[in-house]
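# Observations on chain architecture
So you can see what is in the structure, the chains are spelled out below.
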Amino acid sequence: MTGVQDITSTSKSAAAIDKARAEGRAALIGYLPAGYPDVEQTIAAGIALAENGADLIEIGIPYSDPVMDGQVIQAATTEALAKGFHVRQVFDVVRAITSKTDAAVLVMTYWNPVIRMGVDEFSRRLAEAGGAGLITPDLIPDEAAEWMAASDKYGLDRVFLVAPSSSPERMKRTVDASRGFVYAVSIMGVTGARESVSSAAEGVVAAAHAAGAERVCVGLGVSNAGQVREIAAYADGVIVGTALVAAIRDGGVDAVAALTKDLSTGLTREEA
Amino acid sequence: MVRPMVDAPTTGSDEGAADAFLQGDRSLRHAPGPYFGSYGGRWMPESLIAALDELEDTFEKAKADPEFVAQIADLNKNYSGRPSLLTEAKRFAQHAGGVRVFLKREDLNHTGSHKINNVLGQALLAKRMGKTRVIAETGAGQHGVASATAAALLGLECVVYMGAEDTRRQALNVARMELLGATVIPVTSGSQTLKDAINEALRDWVANVGHTHYLLGTAAGAHPFPAMVRYFHEVIGEEARAQILDQAGRLPDAVCACIGGGSNAIGIFHGFLDDPSVKIYGFEAGGDGVDTGRHAATITLGKPGVLHGARSYLMQDDDGQTIESHSISAGLDYPGVGPEHSYLADIGRVTYEPITDSEAMDAFRLLCRTEGIIPAIESSHALAGAIKVGQRLAAEADAAGAGEAAGKASDKIVIVNLSGRGDKDVATAAEWFDLLDKNSAEAEIGKEGEQL
């Protein structure tokens, strides 16, 4: 178990969140699907995210059956697949962004593409590309034995999700299994911009902290600086996805840069 | 309550299971899940785990509650019309090597297929959980119609997700569901097929899980669905086993069923899993042929992966993206399969083989003309398989010589699960056999070889 402690101390995600915390603010985490509208623009947008205030970047692997995603992200990933995106290209994206920025770059993926490549092989290649770890929306710790071993072996963060529906026992188990941070789902639903952040989010964050999580970040339904400010008051990080995907869809890399800059104005805690 | 959480087994734990079974020191019946060998489990978003726990808990308590068991028995008898008949198909059997063929008549159930067994059980569980709304996915509409039926009977709101293409091709089934009070939502995401209807139902479930039960239509998905759906269909195998002992005085040599997700198959197989003398066959949809890439032969050609909550065989590409399946039978047109089938395939207890569209349609017509029964195209895959199995049994009997140990072909017995009736498939069959007036609406819709 001492090995786990060593790895925790070198967690890239934890380091990025701690750096933001030291500056008296929450961390900003931006999501982009790889290969949308193409691989080059994903890389350019990822660099723009980092240069305009994102501390961590989440690169999604387009998947044929994205059950946790709403229409905007579904449309983007379906298009990326139709244009011929291959899973191995995600490592090119990660490598290109990490070589040009200091942001921690995580990959968000449904689990079957990882199984298909081989959990160990996928982890090895992600680590080689400079990736920080994986966010796994349809993998729960109960099924994660192979991933626990591979993430320890290659020093990768494993970000599991907790939800408003998680029981105290499951919250504890998931927090214990996570490394880097815990992803708190703000609402019972799928990804997509919403007018207001669910009041459930604060409760989920509190429960995760109470279960021992040092870093808890909130995602789902966050799309503007006002919502970022609201969440930054109680969470260690704020995750924005759909709004950034809509930005790159409608205005390309420049729109991603502008939105990121605006979102980052909400990060500072008023009485931090 | 504190729920014990079980870690997934590592792969390779299946070895020895078939041997152990054949040596008689363990039963394959009533496998509780969550794992069947290395298959099954819960590959699901955390948001839904609490609902799966609640469902599992409710199901386990209901199974042990005599009142629930009596409720199911009463509905099966007085609503669905169970027990379904076991009919000997003597004229059809002449084309199956001259063995005796018996049909388990799930086509005679209310709503026309085995699907009613599962929906009544799950709808009762939804009531027990205090849920007021059920959602379901459907391909051609059979499970949607069955779900709408159960919801109407028990006073539940019902929403059915159906691929947009399917809603157009199966307009009558959409009308049927609406007549029963259900709302049908066409799914336009992804490939707009059954798997996307399941994706959309899962998205609905995540958002509405507080008052909604997802009434999954097959023995697939996350635990407890595979074991639970099997439980509600076990009645098929229990009845068939008792009926064949009564009518023929002995167990069959073989049992045949078609496999999409595999609910009718696991229902009838279950009755015979612990009878080593009974060979068991599952027939997958071979579509245009397994060498064409246009098929749904998941176990025959797929590789293990996770989809819709379970680890099982899966049609997928080298990147782990799900491949679209193809079959003339919408009910078999699914790129996954229930995890218990994957396990039974690996340990060799059940043999899975593909049947092409063409073979299935030949068997469809044969049953119509020899027995006066129009089968579902799904079930026609089992009939086509039974013809092959019957011919093999006959050849073995012949090879063994007349009399003695092996017996005559006419002493061999094959049971086929006739999982549904073919009324829904008349337009597809009419198109296939070129029976349509060229100016008819069906011919118009069906041009370019489309499945109706």
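Placed above this text is the structure.
Residues numbered from 1 in each chain as written. Chains lettered and ligands numbered in written order. Predicted model: local features only at pLDDT ≥ 70, side-chain atom pairs only at ≥ 80, totals over all residues. Heavy atoms only, no water.

## Notes on the overall build of chain B
Of the regular secondary structure elements, chain B holds 17 helices and 14 strands. The C-alpha radius of gyration computed for chain B amounts to 21 Å, which stays within 12% of the reference 22 Å derived for 452 residues, consistent with globular compactness. C-alpha atoms of chain B, sized along the principal axes, occupy 65 × 65 × 50 Å. Residues counted as buried form 62% of the 452 residues belonging to chain B. Here the analysis covers contacts within chain B between residues at least 6 apart in sequence; of these, 74% occur between residues at least 24 apart. A total accessible area of about 16,400 Å² is found for chain B, and carbon and sulfur atoms account for 51% of it. (Helix = DSSP H or I, 4+ residues; strand = E, 2+ residues; numbered from the N terminus. Rg over C-alpha atoms; globule rule 2.2 N^0.38 Å. Buried < 20%, exposed > 50% of the residue type's maximum accessible area, 1.4 Å probe, protein only. Contact = heavy atoms within 4.5 Å. Areas by Shrake-Rupley, 256 points an atom, 1.4 Å probe, with all protein chains shown as cover.)

## Remarks on the nonpolar core
Within soluble globular proteins, side chains that are nonpolar tend to cluster in buried spots. Within the largest apolar cluster, 159 residues are counted, with the highest numbers of intra-cluster contacts made by Trp147 and Phe181 of chain A together with Trp205 of chain B. With eight residues, helix 12 (residues 242–264) of chain A is the single largest residue contributor to this core. Setting aside residues up to four positions removed in sequence, tryptophan 205 of chain B forms contacts with Leu48, Ala51, Leu52, Ile135, Thr212, His213, Tyr214 and Phe225 of chain B. (Core = buried A, V, L, I, M, F, W, Y, C linked by side-chain atoms within 4.5 Å.)

## Details of the sheet that holds strand 7 (residues 182–185) of chain A
Residue and element names in this part refer to chain A. Spatial ordering of the open sheet is given by 5-4-3-2-1-9-8-7-6, a layout of nine strands whose pairing is parallel. Because the sheet does not close on itself, it has two edges, and the strands there are strand 5 (157–159) and strand 6 (161–162). With two bridges joining them, strand 8 (residues 216–219) and strand 9 (residues 237–240) adopt parallel strand pairing. When the bridges of strand 9 are listed, valine 218 appears paired with valine 238. Each of strand 8 and strand 9 touches helix 11 (residues 225–232); the most contacted strand, strand 9, lies at about 150 degrees to it. (Pairing = 2+ DSSP bridges. Axes fitted to C-alpha atoms, helices over the stretch in contact; angles between N-to-C directions.)

## Notes on the environment of alanine 201 of chain B
Residue position: alanine 201 of chain B is located in helix 9 (residues 194–208). Alanine 201 of chain B sits 41 residues away from valine 160 of chain B along the chain, and the two C-alpha atoms are 8.0 Å apart.

## Examining the sheet that holds strand 2 (residues 39–43) of chain B
All names here are of chain B. Read across the sheet, four strands follow the order 1-2-12-11 without closing on themselves; strand pairing throughout is antiparallel. One side of each edge strand has no neighbouring strand; the edge strands of this open sheet are strand 1 (35–36) and strand 11 (303–307). When strand 11 meets strand 12 (residues 309–314), the two strands line up antiparallel, connected through five bridges. In the sheet register, glycine 305 faces strand 12, and the bridge partner there is serine 312. Against the sheet, helix 13 (residues 339–346) makes contact with strand 1, strand 2 and strand 12, and its axis sits at roughly 45 degrees relative to strand 12, the strand it touches most.

## Points about the pattern of salt bridges
Applying the stated criterion to the full structure yields 48 salt bridges over all chains. The partner of aspartate 176 of chain A in a salt bridge is lysine 172 of chain A, with the nearest N and O atoms 3.0 Å apart. Here the residue aspartate 176 of chain A and the residue lysine 172 of chain A both occupy positions in helix 9 (residues 168–177), the gap between them amounting to four residues, near one helical turn. Measuring nitrogen to oxygen at the nearest pair gives 2.8 Å for the salt bridge that ties arginine 241 of chain B to aspartate 275 of chain B. One end of the pair, arginine 241 of chain B, is in helix 10 (residues 225–248); the other, aspartate 275 of chain B, is in the loop between helix 11 (263–270) and strand 10 (279–287), and 34 residues separate them in sequence. The class for arginine 241 of chain B is partly exposed, based on a relative accessible area of 26%. A single salt-bridge network, built from bridges that share partners, covers Asp18, Arg21, Glu214, Arg215 and Asp236 of chain A. (Salt bridge = Lys/Arg side-chain N within 4 Å of Asp/Glu carboxyl O.)

## What to know about the pairing of strand 9 (residues 254–259) of chain B
Consecutive side chains of a regular strand alternate in pointing toward one face of the sheet and then the other. All names here are of chain B. In terms of residue burial, strand 9 counts as a mostly covered element, since six of its six residues are buried. Burial along strand 9 is two-sided: Ala254, Cys256 and Cys258 and Val255, Ala257 and Ile259, pointing in opposite directions, are all buried. Relative to strand 10, strand 9 is paired through six bridges, and the arrangement is parallel. If you follow alanine 257 over to strand 10, its bridge partner there is glycine 282. Bridging between strand 9 and strand 14 (residues 413–418) involves three bridges; their strand directions are parallel. Paired with cysteine 256 across the two strands is valine 416, which belongs to strand 14.

## Examining helix 3 (residues 66–80) of chain B
Residue and element names in this part refer to chain B. Helix length check: helix 3 (15 residues) gives 20 Å between terminal C-alpha atoms against 21 Å at 1.5 Å per residue, within 8%. Residues of helix 3 that are buried: Phe68, Ile72, Leu75, Asn76 and Ser80. For helix 3, the angular spread of buried residues about the axis comes to 100 degrees, placing them on one side. Exposed residues pointing more than 90 degrees away from the buried face of helix 3 are listed as Pro66, Glu67, Lys77 and Asn78. Among the structural elements, helix 2 (49–63), helix 5 (115–128), helix 6 (142–154) and helix 10 are those in contact with the buried residues of helix 3. N-capping of helix 3 is provided by aspartate 65, with a side-chain oxygen placed 2.9 Å from the backbone N of glutamate 67. Looking one or two residues beyond helix 3, the residue adopting positive phi is glycine 81, at roughly 95 degrees. (Expected span 1.5 Å × (residues − 1). Arc of directions from axis to C-beta. Polar contact = N/O pair within 3.5 Å; in protein donor to acceptor, adjacent residues only side chain to side chain.)

## A closer look at the interface of chain A and chain B
With 37 residues of chain A at the contact, the number on the chain B side is 39 residues. Here chain A and chain B share an interface that buries about 3,300 Å² over both sides, 50% of which is from carbon and sulfur atoms. In terms of surface lost to chain B, no three residues of chain A exceed Val67, Arg116 and Glu143 of chain A, which account for 21% of the buried area on that side. At the surface where chain A touches chain B, the tally comes to three salt bridges. Applying the counting criterion to the chain A and chain B interface returns 21 residue pairs in polar contact (both at pLDDT 80 or more). Counting only elements with at least two residues in the side of chain A that touches chain B, the list comes to helix 4 (71–82), helix 6 (111–117), strand 6 and helix 9 of chain A. Residue contributions to the side of chain A that touches chain B peak at five residues, all from helix 6 of chain A. In terms of residue class, the side of chain A that touches chain B is built from 20 nonpolar, eight polar and nine charged. (Buried area = accessible area lost by both parts, 1.4 Å probe. Nonpolar A, V, L, I, M, F, W, Y, C, P; charged D, E, K, R; others polar.)

## Observations regarding the pairing of strand 14 of chain B
Residue and element names in this part refer to chain B. Among the six residues in strand 14, six count as buried, and that is most of the element. A two-sided burial pattern is seen for strand 14, the buried positions comprising Ile413, Ile415 and Asn417 on one face and Val414, Val416 and Leu418 on the other. Of the pairings in the sheet, the one linking strand 4 (residues 100–105) to strand 14 comprises six bridges and is parallel in character. Bridge pairing in strand 14 places arginine 100 opposite isoleucine 413.

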